[in-house]
Amino acid sequence: MTYAITQTCCSDATCVAVCPVNCIHPTPEEREFGSTEMLHIDPATCIDCGACADACPVDAIFPVDSLSPAHAGYAAVNAAYFADREPPARDPGPNFHSWGAPAFERSLPSDFAPIRVAVVGTGPAGMYAAEDLLLHTNAEVTLVDRLPVAGGLVRYGVAPDHPATKKAGDTFARFHTHPRVRMRLGVEVGRDVTAEEIAAHHDAVVYAVGASTDRRLGVPGEELPGCVSASSFVSWYNSHPECAPDAIDVTGAERVVVVGNGNVALDVARILVMDPESLAGTDIADHALAALRASRVREVVLLGRRGPEDAAYTASELLALTHLPGVRLVVDDHDPRTGAAIDGAGPGEKAALLRDVARETVDWTRAPASSSSSSSSEGERRIVLRFHSAPVALTGEGAVRAARVTEGPGEREIPAGLVLRAVGYRGVPVPGLPFDELTGTVPHERGRVTGMPGTYVVGWIKRGPSGGIGANRTCAAETVGTLLADAVAGALPTPSRTPQAFRRLVRRRGAEVVDARGLAAIDRAERGRGRETGRPRVKLATVAELVAAARTTRLRRPV
């Protein structure tokens with residue numbers, strides 16, 4: 001029985017490396033790698049060895065015959081990828097396919113001296129860069145993060161009902177205590193230390209600071225209370241210490257409009273309408289769980305400017321939405337182009353996934369519980385996909401009360417008590433580094449920051465907010481390759497200070513520095529709180545709580 005890759009695929013290609021029959025595609029060597037939504041297993045080639053499932057860092061691979069009803073559709077998704085492709089010519093040998101000649105993309109001299117590299121940011125991009133350096137060179141790595149806890153996007157960006165995706169953090173965590181790693185958490189470049197100062201203590205600095213703000217809608221009324229960024233909503237339910245427990249109010253709205261239809265938009269819509277009790281066993285923030293239990297939200301409307309064939313969400317996330325218990329998925333049939341695109345979609349096309357989803361002409365003048373043209377059960381919640389519709393203005397006296405949106409050649413007002421903008425993330429300038437205001441990124445050449453020898457970027461601050469967790473592996477490999485080439489060429493500046501001097505510097509500045517032992521203490525504290533309530537962990541929600549937990553470590557010696 002063949003295996004299939006499912007919803008939580010991170011596309012970092014760990015599975016590709018262990019497959020003995022080359023049945024997982026696209027591989028990092030293929031042009032499509034990085035542009036497909038997920039990796040796929042060829043059912044005609046898979047030999048059912050299970051090596052890929054063992055290697056997968058996010059538990060996304062299962063035997064087809066063991067797929068749950070919610071995941072059963074992924075067998076077809078995997079097979080459809082190979083439907084129109086030429087089958088590879090098979091070798092008569094035991095591995096059933098030809099292996100390419102060995103390739104050594106990097107060549108380091110045998111006497112390559114250890115270099116000291118600071119990695120600023122401990123999310124996936126930064127940790128893939130650190131992993132590359134630690135596994136393939138003798139570099140010493142200083143991990144720096146402005147928060148007193150590591151994890152970045154894995155800790156604060158993944159929805160709580162996706163625990164398998166969070167397991168990528170376990171892969172990164174093994175490097176936190178690596179003998180050639182020093183952790184300096186709670187240190188912010190521009191606040192506690194300058195870019196010049198951190199460079200003076202290291203041969204090279206890699207910035208992996210992500211894209212921490214959101215894009216704006218640019219419509220009247222956007223500043224009204226009740227219009228919130230989806231990124232703030234994600235931070236709120238993930239206990240981000242920079243998002244207050246009362247930052248989001250979901251208790252007064254029956255209908256929520258989400259502008260955008262990417263994966264983040266689907267995440268926030270799902271969290272708003274799913275049964276709160278199904279979240280009670282996750283690491284969702286306590287304040288968010290309490291608010292969702294008291295929520296009056298019955299309907300979430302996802303606005304997409306284009307049609308279903310061009311929707312920004314991935315097929316895997318949409319499939320998951322169609323199996324959400326107690327929630328109906330509906331396509332608003334206000335525009336004839338929507339139905340035509342769905343009916344005309346070919347196998348494997350994104351719009352085809354909506355063929356079995358109900359289409360309704362929604363009466364927006366009625367309350368969410370009664371706006372459906374068909375009968376609905378008491379207490380039912382639903383998500384409405386409204387394509388070919390964009391916001392024109394947000395209206396209301398003192399707070400958002402409705403979103404005015406396009407409908408054909410005219411406009412339509414959709415009453416809503418909360419509007420979430422989910423139209424993309426944007427990078428912010430790093431003090432001391434050049435910045436491209438148009439793209440929201442740091443100008444670079446293959447990861448090397450323009451005009452700053454020894455300074456590099458990786459992840460979203462390098463390439464813009466595109467790609468999931470696994471996309472950062474190849475991005476990091478390019479940046480680290482550039483860094484090592486510069487090191488071999490003697491192009492890295494020589495540091496004038498020691499790593500120990502860097503630790504003393506940030507402590508002198510008043511930074512509450514958390515090291516590896518402190519991070520381990522935070523982890524113990526959060527897991528201990530979780531055990532008391534039957535949850536994997538209960539996150540500490542403020543900087544003060546995190547720092548206090550870090551101080552409980554038994555060993556106080558500096559590392």
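In the block above lies the structure referred to throughout.
Going along each chain's sequence as written, the residues are numbered from 1 onward. Totals for whole chains, interfaces and linings use every residue, but because this is a predicted model, local features are given only for residues with pLDDT of at least 70 and side-chain atom pairs only at 80 or more, for both listing and counting. Note: side-chain values were computed over all heavy atoms of the structure, leaving out hydrogens and water.

Turning to the sheet that holds strand E19 (residues 418-421), a few remarks are in order. Two orientations exist for strands paired in a sheet by backbone hydrogen bonds: parallel and antiparallel. What makes two strands pair is DSSP finding at least two bridges between them. A run of DSSP states H or I qualifies as a helix once it reaches four residues; a run of E qualifies as a strand once it reaches two. Both are numbered from the N-terminal end. Across the sheet, which stays open at both edges, the 7 strands sit in the order E10-E19-E11-E12-E15-E13-E14 with parallel pairing between neighbours. Both edges of this open sheet fall to strand E10 (227-229) and strand E14 (358-360), since each of them pairs with a single strand only. Neighbouring strand axes in the sheet, compared pairwise and without regard to direction, differ in orientation by 25° on average. Pairing between strand E11 (residues 255-259) and strand E12 (residues 299-303): 5 bridges, direction parallel. Looking at the pairing, valine 258 lines up with leucine 302 of E12. In the packing of helix H9 (residues 230-237) onto the sheet, contacts are made with E10 and E19, and the angle to E10 comes to roughly 70°. Structural elements are reduced to axes, namely lines fitted to C-alpha atoms, with helices fitted over the stretch in contact, and the angle between N-to-C directions of any two is expressed from 0 to 180 degrees. Residue contacts follow a heavy-atom distance rule, with two residues in contact if any of their heavy atoms lie within 4.5 Å.

It is worth spelling out the sheet that holds strand E18 (residues 410-415) at this point. Pairing is antiparallel across the open sheet formed by 3 strands, whose spatial order is E16-E17-E18. The strands lining the two open edges of the sheet, one partner per strand, are strand E16 (391-395) and E18. Neighbour to neighbour, the strand axes of the sheet diverge by 25° on average, direction disregarded. Bridge count between E16 and strand E17 (residues 402-407): 4 bridges; the pairing is antiparallel. Directly across from proline 391, in E17, lies its bridge partner valine 405.

On to the packing of aromatic side chains, then. Note on aromatic contacts: the rings of Phe and Tyr and the six-membered ring of Trp form a pair at centre separations within 6.5 Å, being stacked when their planes are under 30 degrees apart, edge-to-face when over 60 apart, and tilted otherwise. For the structure shown, the criterion picks out 5 aromatic pairs. With a centroid separation of 5.0 Å and an interplanar angle of 85°, the aromatic rings of tyrosine 128 and phenylalanine 172 are classed as edge-to-face. Of the two residues, tyrosine 128 sits in helix H4 (residues 124-136) while phenylalanine 172 sits in helix H7 (residues 168-173), which places them 44 residues apart along the sequence. The exposure classification of tyrosine 128 matches that of phenylalanine 172, with both residues buried. Remark: exposure states derive from per-residue accessible area (1.4 Å probe, protein chains only) relative to the maximum for the residue type, with buried under 20%, exposed over 50%, and partly exposed in between.

To continue, consider the packing of H4 against helix H15 (residues 471-488). Running from amino to carboxyl end, H4 crosses H15 at an angle of 50°, the nearest separation of the two axes being 8 Å. As the angle between them shows, H4 and H15 are arranged oblique. Both H4 and H15 take part in a crossing whose hand is right-handed. For the pair formed by H4 and H15, the contact residues are Pro124, Ala125, Tyr128, Ala129, Glu131, Asp132 and Leu133 on the first element and Asn472, Arg473, Ala476, Ala477, Val480 and Leu484 on the second. Think of it as three bins: nonpolar holds Ala, Val, Leu, Ile, Met, Phe, Trp, Tyr, Cys and Pro, charged holds Asp, Glu, Lys and Arg, and polar takes everything else, Gly as well. Looking at the contact of H4 with H15, its residues break down into 9 nonpolar, 1 polar and 3 charged. The cut-offs work like this: below 35 degrees is roughly parallel, past 145 is roughly antiparallel, 65 to 115 is roughly perpendicular, and the gaps in between are oblique. Definitions for this section: a left-handed crossing has its near helix turned counterclockwise from the far helix by less than a right angle. A right-handed crossing has that turn clockwise.

Where helix H16 (residues 499-508) is concerned, the buried positions are Pro499, Ala501, Phe502, Leu505 and Val506. Buried residues of H16, viewed axially, fall in a sector of 150°; they line one side. Residues of H16 that are buried make contact with strand E5 (116-120), strand E6 (140-145), strand E7 (181-185) and helix H8 (195-200). Following H16 by one or two positions, glycine 510 adopts a phi angle in the positive range, close to 95°. Starting at the helix axis, one direction is taken to each C-beta atom, and the arc is that of these directions.

What follows is about the nonpolar core. Throughout, nonpolar core names a set of buried Ala, Val, Leu, Ile, Met, Phe, Trp, Tyr and Cys residues whose side chains join them through atoms within 4.5 Å. The biggest cluster of nonpolar side chains holds 68 residues, and the ones touching the most others in it are Ile24 and Ile41. Per-element accounting of this core gives the leading share, 7 residues, to H4. Contacts of isoleucine 24, omitting those with residues within four sequence positions, involve Ile5, Cys15, Val16, Cys19, Leu39, His40, Ile41 and Cys52. Formed by 48 residues, the second largest nonpolar core is a distinct cluster that contains Val250, Val256, Ile271 and Leu279.

Below, the discussion takes up the side chain of threonine 45. The residue threonine 45 is located in the loop between strand E3 (40-41) and helix H2 (51-55) in this model. Relative accessible area serves as the criterion here: at 11%, threonine 45 is assigned to the buried category. Polar contact is defined as a pair of N or O atoms within 3.5 Å, subject to the rule that within protein one atom must be able to donate a hydrogen and the other to accept it, and that residues adjacent in sequence are counted only when both atoms are side-chain atoms. At 2.8 Å, the side chain of threonine 45 and the side chain of aspartate 42 are in polar contact.

Turning our eyes to something else, we now look at unusual backbone geometry. Cis geometry marks the peptide bond from histidine 25 to proline 26, where omega comes out at -5°. Relative to the helices and strands, proline 26 is located in the loop between strand E2 (24-25) and E3. Of note in this structure, serine 11 is not a glycine but carries a positive phi near 60°. In this fold, serine 11 is placed in the loop between strand E1 (3-5) and helix H1 (14-18). On the basis of relative accessibility, which here comes to 16%, the residue serine 11 falls in the buried class. A positive phi angle is found at asparagine 22, which is not glycine, with a value near 55°. Looking at where asparagine 22 falls in the secondary structure, it is placed in the loop between H1 and E2.

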